[in-house]
Amino acid sequence: MGSEGDHARQRFGNWRETIAPIFDVRPLAGDWDAGFHAELDRHHLSTALVGQVSTSAQHYERSESLIGAVGVDHLLIQRYEAGHTTLDLDGEEVQPARATS
């Protein structure tokens, strides 16, 4: 019988495979394998993808080499209901403004 860490690593592997055409993901340092979770509800609308995602914290990257390898390039609009993001724009860290209630 596997541990919760084993199950979390398997869930992360499944998530990584699912999201691979869009992002290269890797876990953040720390106790990520104590309970990684990811849920994705997506709809392909011909020229657009619409979805709702809920995941544990992670690092994700959309590099030029990934775009070239999979041939998929989209406009991505993200709205965070919880948590936040830090962007690396050509080596400069940017934290977008957070929405207030």
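Please read all numbers here as calculations on a predicted model, not as lab measurements.

Enquirer: Can you explain the overall build of the protein? Please cite residues and give values.
Expert: Counting its regular elements, the protein contains two helices and six strands. Along the protein, from the amino end to the carboxyl end, the secondary structure elements read α-β-β-β-β-α-β-β. Within the span of the protein, comprising 101 residues, buried residues form 12% of the whole. When contacts within the protein are restricted to residue pairs at least 6 apart in sequence, long-range pairs at least 24 apart make up 46% of them. Accessible surface, the protein as shown: approximately 8200 Å² in total, 50% of it carbon and sulfur.

Enquirer: So what about unusual backbone geometry? Which residues, and what values?
Expert: Positive phi, normally seen in glycine, also occurs at Asp90, with a value near 50 degrees. Inspection of the secondary structure puts Asp90 in the loop between strand 5 (87-89) and strand 6 (92-94). Given the relative accessible area of 86%, Asp90 is considered exposed.

Enquirer: Pulling in residues and values, what's your account of the nonpolar core?
Expert: By size, the foremost hydrophobic cluster in this structure holds seven residues: Ala8, Phe12, Trp15, Ile19, Phe23, Val25 and Phe36. In terms of residue count, the dominant contributor to this core is helix 1 (residues 4-19) (four residues). With sequence-adjacent residues up to four places away left out, Phe36 is seen in contact with Ala8, Arg11, Phe12, Trp15, Ser56 and Gln58.

Enquirer: Outline the packing of aromatic side chains, listing residues and values.
Expert: The full count for this structure, using the stated rule, is two aromatic pairs. Plain terms: the ring middles of Phe12 and Phe36 are 5.0 Å apart, the flat faces sit at 85 degrees to each other, and that makes the pair edge-to-face. On the criterion of sequence distance, the pair formed by Phe12 in helix 1 and Phe36 in the loop between strand 1 (24-27) and strand 2 (38-45) is long-range, its members being 24 residues apart.

Enquirer: Can you explain the pattern of salt bridges? Please cite residues and give values.
Expert: Taken as a whole and assessed by the stated rule, the structure comprises two salt bridges. When the shortest N-O distance is used, the salt bridge between Asp6 and Arg9 registers 2.7 Å. Taken together, the residues span about one helical turn, with Asp6 and Arg9 both in helix 1 at a distance of three residues. For the salt bridge of Asp24 with Arg16, the shortest nitrogen-to-oxygen distance reads 3.8 Å. For Arg16, a relative accessible area of 36% corresponds to the partly exposed category.

Criteria and thresholds
- Residues numbered from 1 in each chain as written.
- Predicted model: local features only at pLDDT ≥ 70, side-chain atom pairs only at ≥ 80, totals over all residues.
- Heavy atoms only, no water.
- Helix = DSSP H or I, 4+ residues; strand = E, 2+ residues; numbered from the N terminus.
- Buried < 20%, exposed > 50% of the residue type's maximum accessible area, 1.4 Å probe, protein only.
- Contact = heavy atoms within 4.5 Å.
- Areas by Shrake-Rupley, 256 points an atom, 1.4 Å probe, with all protein chains shown as cover.
- Core = buried A, V, L, I, M, F, W, Y, C linked by side-chain atoms within 4.5 Å.
- Phe/Tyr/Trp six-rings, centres within 6.5 Å; stacked < 30°, edge-to-face > 60°.
- Salt bridge = Lys/Arg side-chain N within 4 Å of Asp/Glu carboxyl O.

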